[in-house]
Each structure stands twice: as C-alpha cells, then as structure tokens.
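Given next are the chains, with one letter for each unit.
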Amino acid sequence: MTFQEKLLQRTKSINDILYACLPEETGNAKSLYEACNYSILAGGKRIRPMLVLETYQLFLPNSSDEQRVVLHAFLSAIEFIHTYSLVHDDLPAMDNDMLRRGKPTTHAAYGEAMGILAGDALLTYAFEIISSAIASIDLFDNKNYQPSSEKFMQAAVRAMALFSNKSGMYGMIKGQVIDMEYTETYSSTGSDNKYEDSSKKKIDLPVLLEMYENKTSALLEASMLSGAILGGATKDELSVVDRLSRKLGLAFQICDDILDVEGSEEKIGKPVHSDDKNKKNTYVVLAGIENAKKMAEALTNECLELLDQLPGEKSFLKELFMFLLKREY
Ligand code: GRG
C-alpha cells in the first residue's frame, strides 16, 4: 500500500469515529448543531487524531473494547478542540477570515454569534466525550473486570488533565494571546482601529518560538502525549514524546508559514498571503524563506531521531512526518 493509500484509509476510519459522535440536527437549537457539524464536516487533514492513534499504537498495539472506547473519545475530542480553535480564530474579532478548509468559515455561513457559540459548544463537548468514556469504565463489574482497568482509568484521567492544560491558558490560548500582543493588526481597543495600533512590541525569535510552542505545538503535544499515556509509556518514553511533539509542532507551524507564501489557495483551502496582509509575525518574516525551509527540515530530522528512540512499529509515523514537511495543504 502506498503512503497516500494508508493516509486515506486512516483518515476515513478517523472520520467514521468522529461522525459517530456528531450531534443530531433536531430541536429548537438545531442551528447550533448544524453549525458544529458544518465545521467538522468541512474536512481537514485529521492530523491530531491520527497522532493520538499512531502514538498509542506504538505502546499498545492491541486494545480491549473498553480501552478502545476511551481512545476513540480522545481522538474525537482533539479534533473538536482543534476545530473550535479554527472557528474562533476565523472570527471578525480575531483574523476575520472568510474561507477555511475550502469552504466559507463557520461565522461566514452561520453568523458571528453562532460562530462563537459553535466554538464554545465544540470545546465543551470534547470534555463531555472524554469524561463520559472514562466514567463508563466499570471497575466493579465482576463479569467484565480486567486487572488493567484501574490503571487505565488513572492514565485516562491524567491524559484528560493534559488535554485541558495544553488547550487552555497555559497552552494554545496563551499562544494566541502572545500572537495578539505582538501583532499590529490586533487592537485591544476594539476592531475600529484594527489597522492603526502601532504601539505593539517588536517580536524576537525566542518570543516567536514561545508563541509557536503554545499556539501550535500544544495541541500536537496533547495528541501524542495522550496517546502515549493511554498506551502505558514510561516516564522516559514520555519525555521523548514530549520533546518530539514540541519540535513537530514547530516544524508544522513553519511549514504553514511557508505555505502562506508559496502555497495555492485552491490546495490549502484558505487565503494565501494572509500573514502579509495581517502583518503577522512569522518565522519566514524573521528569518527568511530559505532559512525557514532549512529549519523545518532540521526539526523534522530531529523528530525522526527521537522517534527512533521509541518502541513499536514506526514506519507510518516516519512517512507522516515527511509528508507534513513536504505538504502542499
Ligand atoms: C482559543 C479564541 C481562541 C482561538 C484559538 C490558536 C488559535 C486561536 C487558533 C488556531 C489557528 C492557527 C493558525 C493555529 C496554528 C496551527 C495550525 C497551522 C492550524 C491549522 O491546522 P491544520 O493544517 O488544519 O491541521 P486542518 O484544516 O487540516 O485541520
């Protein structure tokens, strides 16, 4: 099977899992469920759920039904959290973008208020899915009792705490705020003078990397670390996964910056040159496009070296890292 076929097969299984937990579009809040489903069904590469699954399988290739229910909850939850972040990032108060995943953004299709509420609902639902799956582990059912249950439940709670940390004020939202603090076109006084706020601080490389580690790496760390925790990785293995996923996030964001300059709107499904238009601080702006390419490649090589220190069947992950480096969307 080619890499593209393997990727397609995995994306399809992830979509089947995701779609099974989408809300029914009925009742008096039908429009909310439609907006949530619209943003998820619009597509996306599903990289984060893929990383949860692939990392988990490095450590635990064979799961019980009980473990699979929890694993699937984490897969779905990370995509809901990621999609909420995109829906909110596209809002008029943030990037004010009208195209995402090749379709009108959620606020463009359903209005600003519904964009805010759909994002809120996706985020909250992510934690409902995980906590319900954990709560369904029955430790005291003698018929189904498995000695691993209690340990697995503790691992799942730990992974959920990590999810909250990485998506919240010490993770992704922190990254977004650093971005705002250093971007001229974000105004703290409202959108009226959006393009006039020149009082913003000048960014330097360490702050840019801090921003990337939070805005982008945080959710990739949540994905790979939760997979590793659920799979029963040791402390040393978790430390390798932690470093690897942080570097993968940096490489991923630098490639995203490069695509904004050299990609095509048709392929990436969102406007190109938007960083330039919004006067965004990016690695390409600070270091130049050639250095950005070299940096993304060097980071990917470091990821491959770190991956070699982990157990299990790693061939798909290796190909995935290379695909992410060379991606056109
Ligand atoms: C929490 C209010 C609030 C906003 C969140 C951090 C953030 C703000 C939004 C994320 C927007 C962004 C540009 C993040 C950087 C990571 C990134 C390159 C996202 C795109 O991810 P892909 O390429 O997207 O995996 P698909 O559509 O394939 O899922």
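Notes on the structure in this doc start here.

Some points on the overall build of the protein
Part 1 of the reasoning: Per the secondary structure count, the protein includes 15 helices and two strands.
Part 2 of the reasoning: Taken over C-alpha atoms, the radius of gyration comes to 20 Å for the protein, in line with the 20 Å a tight globule of 329 residues would show.
Part 3 of the reasoning: If you line up the protein on its principal axes, its C-alpha atoms span 65 × 55 × 35 Å.
Part 4 of the reasoning: Looking at the 329 residues of the protein, the share that counts as buried comes to 51%.
Part 5 of the reasoning: Within the protein, contacts between residues at least 6 apart in sequence are counted, and of these 72% link residues at least 24 apart.
Part 6 of the reasoning: Accessible surface for the protein amounts to roughly 15,500 Å². Of this, 53% is attributable to carbon and sulfur atoms.
Part 7 of the reasoning: The centroid of the 36 positive side-chain charges in the protein is displaced by 3 Å from the centroid of its 48 negative side-chain charges.

Notes on the environment of aspartate 95
Part 1 of the reasoning: You can see aspartate 95 is positioned in the loop between helix 4 (65-89) and strand 1 (99-100).
Part 2 of the reasoning: A sequence separation of 179 residues divides aspartate 95 from serine 274, and the C-alpha atoms of the two residues are 9.1 Å apart.
Part 3 of the reasoning: Those residues within four positions of aspartate 95 in sequence are excluded, and the remaining contacts are Asp89, Asp90, Tyr186, Asn278 and Lys280.

Thoughts on the environment of histidine 82
Part 1 of the reasoning: Checked against the element boundaries, histidine 82 lands in helix 4.
Part 2 of the reasoning: Sequence separation of histidine 82 and histidine 273 is 191 residues, and the distance between their C-alpha atoms is 22 Å.
Part 3 of the reasoning: Not counting residues within four places of it along the chain, the set of residues in contact with histidine 82 comprises Arg48, Arg101 and Leu219.
Part 4 of the reasoning: Among the polar contacts made by the side chain of histidine 82, one reaches the side chain of arginine 48 at a distance of 3.3 Å.

Quick word on the site of the ligand
Part 1 of the reasoning: Neighbouring the ligand are 19 residues, the closest being Lys45, Arg48, His82, Tyr84 and Arg101.
Part 2 of the reasoning: The contact in question runs from an oxygen atom of the ligand to an N or O atom on the side chain of lysine 45, over 2.6 Å.
Part 3 of the reasoning: Taking arginine 48, its side chain carries an N or O atom lying 2.8 Å from an oxygen atom of the ligand.
Part 4 of the reasoning: Here the ligand, which alone exposes 730 Å², has 91% of that area covered by the protein.
Part 5 of the reasoning: The set of elements that each furnish at least two residues to the shell around the ligand consists of helix 4, helix 8 (172-182), helix 9 (205-231) and helix 10 (235-262).
Part 6 of the reasoning: Of all the elements, helix 4 adds the most residues to the shell around the ligand, at five residues.
Part 7 of the reasoning: The residue makeup of the shell around the ligand, split by class, is five nonpolar, seven polar and seven charged.

Some thoughts on the side chain of aspartate 260
Part 1 of the reasoning: Along the chain, aspartate 260 falls in helix 10.
Part 2 of the reasoning: One buried charged residue, aspartate 260, forms no salt bridge at all, with the nearest opposite charge on lysine 270 at 6.3 Å.
Part 3 of the reasoning: Within the local environment of aspartate 260, its side chain forms a polar contact with the backbone nitrogen of aspartate 275, the two atoms lying 3.0 Å apart.
Part 4 of the reasoning: Excluding residues that lie within four positions of it along the chain, aspartate 260 makes contacts with Pro271, Val272, His273, Ser274, Asp275 and Asp276.

Considerations on the side chain of lysine 6
Part 1 of the reasoning: Note that lysine 6 resides in helix 1 (residues 3-20).
Part 2 of the reasoning: One polar contact links lysine 6 to glutamate 319, side chain to side chain, over a distance of 3.0 Å.

Brief notes about unusual backbone geometry
Only a minority of non-glycine residues have a phi that is not negative, and only a minority of peptide bonds are not trans.
Part 1 of the reasoning: If you check the backbone angles, asparagine 96 has positive phi at about 50 degrees while not being a glycine.
Part 2 of the reasoning: When you line up the elements, asparagine 96 lands in the loop between helix 4 and strand 1.
Part 3 of the reasoning: Taking relative accessible area as the criterion, asparagine 96 reaches 38% and is therefore assigned partly exposed.
Part 4 of the reasoning: Of note, lysine 279 is a non-glycine position whose phi angle comes to about 50 degrees, a positive value.
Part 5 of the reasoning: For lysine 279, the location among the structural elements is in the loop between helix 12 (274-277) and helix 13 (283-287).
Part 6 of the reasoning: On the basis of relative accessible area, lysine 279 is assigned to the partly exposed category, the value being 48%.

Thoughts on the environment of phenylalanine 59
Part 1 of the reasoning: Mapped onto the elements, phenylalanine 59 comes out in helix 3 (residues 47-59).
Part 2 of the reasoning: For phenylalanine 59, a relative accessible area of 14% translates into the label buried.
Part 3 of the reasoning: Residues contacting phenylalanine 59, with those up to four places away along its chain left out, are Ala228, Gly231, Ala233, Glu237, Val241, Leu310 and Pro311.

Points about the nonpolar core
Part 1 of the reasoning: Judged by nonpolar contacts, the single largest core of 71 residues is most densely connected at Leu51, Phe74, Phe80, Leu320 and Phe321.
Part 2 of the reasoning: Setting aside its immediate chain neighbours within four residues, phenylalanine 321 contacts Leu51, Met224, Leu244, Leu248, Thr300, Cys303, Leu304 and Leu307.
Part 3 of the reasoning: Counting residues in hydrophobic clusters, the runner-up holds 18 residues, among them Met211, Ala251, Ile254 and Val284.

Rules used in this analysis
Residues numbered from 1 in each chain as written. Predicted model: local features only at pLDDT ≥ 70, side-chain atom pairs only at ≥ 80, totals over all residues. Heavy atoms only, no water. Helix = DSSP H or I, 4+ residues; strand = E, 2+ residues; numbered from the N terminus. Rg over C-alpha atoms; globule rule 2.2 N^0.38 Å. Buried < 20%, exposed > 50% of the residue type's maximum accessible area, 1.4 Å probe, protein only. Contact = heavy atoms within 4.5 Å. Areas by Shrake-Rupley, 256 points an atom, 1.4 Å probe, with all protein chains shown as cover. Lys, Arg positive; Asp, Glu negative; His and termini not counted. Charge placed at Lys NZ, Arg CZ, Asp CG, Glu CD. Polar contact = N/O pair within 3.5 Å; in protein donor to acceptor, adjacent residues only side chain to side chain. Near = heavy atom within 4 Å. Nonpolar A, V, L, I, M, F, W, Y, C, P; charged D, E, K, R; others polar. Salt bridge = Lys/Arg side-chain N within 4 Å of Asp/Glu carboxyl O. Core = buried A, V, L, I, M, F, W, Y, C linked by side-chain atoms within 4.5 Å.

Functional significance is not addressed by these values, which are geometric in nature.
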